[in-house]
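Here are the chains, one letter per residue:
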Amino acid sequence: MPDILLVTLNARYIHAAFGLRYLLANMGDLQPRTAILEFDINQRPLEIVEAILAHQPRIIGLGIYIWNVALSTEVVALIKRLSPQTLIILGGPEVSHETLGQPIIQLADHTITGEADTKFSQVCAQLLAGHTLPKILPADLPALDTLALPYDLYTDSDLSHRVLYVEASRGCPFTCEFCLSSLDVPVRAVPLPLFLDALQRLLDRGATQFKFVDRTFNLNLTSSRAILDFFLARWRPGLFIHFEMVPDRLPEPLREIIARFPPGALQFEVGIQTFDDATAKNISRRQNIPRLEDNLRYLRQRTGVHIHADLIAGLPGEDLPTFGRGFDRLLALGPQEIQVGILKRLRGTPIIRHDTEWAMTYAPQPPYEILQNRLIDFPTMQRLRRFARCWDLIGNSGHFPATLPLLWVANHTPTSSDAPPAVENPTPFTAILAFTDWLAARLGRLHSVPLATLAESLHTYLTTQRHLPPDLVSEALTRDWHRTPNRERLPFTQPPALTPASPAPKSAPARQQRHLIA
């Protein structure tokens, strides 16, 4: 039985707990007495507690994040009732800021704030030796060249079934007020030779999917080129690498090497967040929009990179029309995915300085999403939430590439005098928002919608609300539907008179949402 148990509740099974592996790698002499136990947030608290206490640990280190804090609070409360002598040490971003008054911190014995890679082992050694320690234990930033890397702790099962998280650097030079990384200055790098050696061992063991958690992968040209060169020289079918990039920084040397990767090998997460200059200034976000747009055009036209771009709704100073124009501007650049995120008030972030001026009102429970502000009232914010979900269904899903643009084609004249008027010359945003409103009213929900129901709803909406010719709509839907082979014909469409469509392209693997983002 291990004396020390490292535990967290992942958002999904596919997400391997990167932080726990870093802690285990740096336990020193205590490593043989330490084990990792992972759960996910779909499991019941009593079952989680039963599994933890079966190991009879003396110390539990529990990783707390925005997605698991509510369930973790239940787990801690149960453990303290059943086994009050078991010491519980919390860590993670959710408990590293605004510690006063958090119920989970009150329940636990100790909380380490900040990066606990080496601090956790020190605290465990002191507690096992019988020392008395304060409840809140700040951790100094560890020097990355002194840390043991965690990659050899990924199991063969992890390599086969989970996304592998890796990092070449920590920190961010930017000061975006909605993001915890704005507090993590300066950027610190892992020694490149050690990092590449660790990646080589993972490749030798058969790893194929790598998700870099660096917030600014392309900030350091020398490092990013070396990592891209490393993967390009070792590329094999099935290899997939995810990076988060600074969108307005893509110099020619990086462009050249990125263009050499096969289609689908790279995914770039591009945080646009807003196209509105005044809003960007409000949140201390610096980016060169023309250069950003040029970079995205280059990536779409000259490379096989899969682009996942982010926008945030609810930022101080941005109203519904401004957000809509930003969405349309981003859509015109052609990224394969646009994540419409709702602003979250993460603990410790400077976004709170706008609360009074912009009447920012957030939900009190995780993930602390904005409910309303001075420019977007609660009903409108709810519409934007539904818009984000609808866009995932009809846009990000990739199921309707031929049908989707029909939502915003030029107005058609109604076929009868009693037919409802169509939206005249809609933009993509206004068109999708109108369809979202109609679909939510029709179905009463936007979750657990069968694909056939969604297709039928698109057909009905386009023919009765947008007044498009039924044969035009049927042809587009049929093309989309039969991109997946051997499907039965949709009963509400015209019989297809089409040449066989090309198979649907393989989509990039799903990425973990951050509290970031959701």
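Structural data are supplied above this passage.
Visitor: Before we go on, may I ask you to explain the state of the cysteines in this structure?
Guide: By definition, a disulfide links the sulfur atoms of two cysteines through a covalent bond. Under the criterion given, the structure shown has 0 disulfides. In this model Cys 179 remains outside any disulfide bridge; the closest cysteine sulfur is found in Cys 172, 6.4 Å from its own. Note on Cys 179: relative accessible area 14%, which makes it buried.

Visitor: Would you take a moment to explain the nonpolar core for this structure?
Guide: Within soluble globular proteins, side chains that are nonpolar tend to cluster in buried spots. Core analysis: the biggest nonpolar cluster contains 111 residues, and Phe 210, Phe 212 and Ile 394 have the highest contact counts within it. Ile 394 has contacts with Phe 400, Leu 404, Leu 407, Ile 432, Phe 435, Leu 454 and Leu 458, leaving out every residue within four places of it along the chain. By size, the runner-up hydrophobic cluster in this structure holds 26 residues, among which are Leu 62, Ile 79, Val 95 and Ile 104.

Visitor: How do you make sense of the packing of aromatic side chains when you look at a structure like this?
Guide: How two aromatic rings sit relative to each other is set out by the distance from centre to centre and by the angle between their planes. Taken as a whole and judged by the stated rule, the model has 21 aromatic pairs. Each ring, one from Phe 230 and one from Phe 231, has its centre 5.4 Å from the other, and the planes form 85°; the classification is edge-to-face. Over the ring of Tyr 298 we find Arg 255; its NZ or CZ atom is 4.4 Å from the centre of that ring. One Lys or Arg, Arg 487, reaches over the ring of Trp 481 and ends 4.2 Å from the middle of that ring.

Visitor: Would you mind showing me how to read the sheet that holds strand β1 (residues 4–10) here?
Guide: One open sheet accounts for 6 strands, arranged β2-β1-β3-β4-β5-β6; its pairing is parallel. Both edges of this open sheet fall to β2 (34–40) and β6 (136–138), since each of them pairs with a single strand only. The average angle at which neighbouring strand axes cross in this sheet is 20°, direction not considered. When strand β3 (residues 59–63) meets strand β4 (residues 87–91), the two strands line up parallel, connected through 5 bridges. The residue bridging Ile 60 from the neighbouring strand is Ile 88, located in β4.

Visitor: Where do I start with the sheet that holds strand β11 (residues 240–245) in this structure?
Guide: What holds strands together in a sheet is hydrogen bonding between their backbones, with the strands either parallel or antiparallel. Taken in spatial order, the 6 strands line up as β7-β10-β11-β12-β13-β14 in an open sheet, and their pairing is parallel. Since the sheet does not close on itself, it has two edges, and those belong to β7 (164–166) and β14 (337–342), each with one partner. For this sheet, the mean angle separating the axes of adjacent strands, direction not counted, is 25°. Here strand β13 (residues 306–313) runs beside β14; their pairing, made up of 6 bridges, is parallel. When the bridges of β14 are listed, Ala 313 appears paired with Ile 342.

Visitor: Would you explain the side chain of Gln 339 in this entry?
Guide: Within the secondary structure, Gln 339 is located in strand β14. On the basis of relative accessibility, which here comes to 13%, the residue Gln 339 falls in the buried class. Among the polar contacts listed, one links the side chain of Gln 339 to the side chain of His 308, at a separation of 3.3 Å.

Visitor: Just to check I follow, could you spell out the packing of helix α12 (residues 320–332) against helix α13 (residues 378–396) for this structure?
Guide: For any two helices packed against each other, one specifies the crossing angle of their axes together with the interaxial distance. Close contact between α12 and α13 brings their axes to 12 Å; oriented N to C, the two are set at 15°. As the angle between them shows, α12 and α13 are arranged roughly parallel. Along this stretch, α12 crosses α13, giving a crossing that reads as right-handed. Every residue of α13 that contacts α12 at Leu 320, Phe 323, Phe 327 and Leu 331 is listed here: Thr 380, Arg 383, Leu 384, Phe 387 and Trp 391.

Visitor: Quick question: what am I supposed to make of the pairing of strand β5 (residues 110–113) here?
Guide: Remark: a regular strand shows side chains that alternate across the two faces of the sheet. Burial along β5 is two-sided: the face carrying His 110 and Ile 112 and the face carrying Thr 111 and Thr 113 are both buried. Across 2 bridges, the pairing between β4 and β5 is parallel. Pairing of Leu 90 across the sheet is with Thr 111, part of β5. Where β5 meets β6, 3 bridges bridge the pair, whose relative direction is parallel. Note that in β6 the partner of Thr 113 across the bridge is Pro 138. Each parallel crossover has a hand, and for β5 linked through helix α5 (residues 119–128) to β6 it is left-handed.

Visitor: It is not clear to me how the packing of α12 against helix α14 (residues 428–443) should be interpreted in this structure. Could you clarify?
Guide: Two elements in contact, α12 and α14, have axes whose closest approach is 8 Å; the angle formed by their N-to-C orientations is 110°. What the angle tells us is that α12 and α14 run roughly perpendicular. In this structure, α12 uses Leu 320, Phe 323, Gly 324, Phe 327, Asp 328 and Leu 331 to contact α14, whose residues at the interface are Pro 428, Phe 429, Ile 432 and Leu 433. In the contact of α12 with α14, the residues fall into 8 nonpolar, 1 polar and 1 charged.

Visitor: Explain unusual backbone geometry here, please?
Guide: As a rule of thumb, non-glycine residues mostly have phi less than zero, and peptide bonds are mostly trans rather than cis. Along the chain, Pro 366 connects to Pro 367 via a cis peptide bond; the corresponding omega equals 10°. For Pro 367, the location among the structural elements is in the loop between β15 (361–362) and β16 (370–372). Here Gln 273, not a glycine, exhibits a phi torsion of approximately 70°, which is positive. In the Ramachandran plot, Tyr 368 falls in the positive-phi region, its phi being about 60° despite a non-glycine side chain. Inspection of the secondary structure assignment puts Tyr 368 in the loop between β15 and β16. Judged by its relative accessible area of 8%, Tyr 368 falls in the buried class.

Visitor: Explain the pairing of β11 here, please?
Guide: Of all 6 residues in β11, 6 are buried, a share of seventy percent or more. Both faces of β11 are covered, namely the face carrying Phe 240, His 242 and Glu 244 and the face carrying Ile 241, Phe 243 and Met 245. Alignment of strand β10 (residues 209–212) against β11, held across 3 bridges, turns out to be parallel. Counterpart to Gln 209 in the pairing with β11 is Phe 240. Read as a crossover between parallel neighbours, the route from β10 over helix α8 (residues 221–233) to β11 is right-handed. Alignment of β11 against strand β12 (residues 266–273), held across 5 bridges, turns out to be parallel. Bridge pairing in β12 links Ile 241 to Leu 266. Handedness of the crossover joining β11 and β12 through helix α9 (residues 252–258) is recorded here as right-handed.

The rules we used
Residues numbered from 1 in each chain as written. Predicted model: local features only at pLDDT ≥ 70, side-chain atom pairs only at ≥ 80, totals over all residues. Heavy atoms only, no water. Disulfide = S-S within 2.5 Å. Buried < 20%, exposed > 50% of the residue type's maximum accessible area, 1.4 Å probe, protein only. Core = buried A, V, L, I, M, F, W, Y, C linked by side-chain atoms within 4.5 Å. Contact = heavy atoms within 4.5 Å. Phe/Tyr/Trp six-rings, centres within 6.5 Å; stacked < 30°, edge-to-face > 60°. Lys NZ or Arg CZ within 6 Å of the ring centre and 35° of its normal. Pairing = 2+ DSSP bridges. Helix = DSSP H or I, 4+ residues; strand = E, 2+ residues; numbered from the N terminus. Axes fitted to C-alpha atoms, helices over the stretch in contact; angles between N-to-C directions. Polar contact = N/O pair within 3.5 Å; in protein donor to acceptor, adjacent residues only side chain to side chain. Parallel < 35°, antiparallel > 145°, perpendicular 65-115°, else oblique. Left-handed = near helix turned anticlockwise from the far one by under 90°. Right-handed = clockwise from strand over helix to strand, strands pointing away. Nonpolar A, V, L, I, M, F, W, Y, C, P; charged D, E, K, R; others polar.

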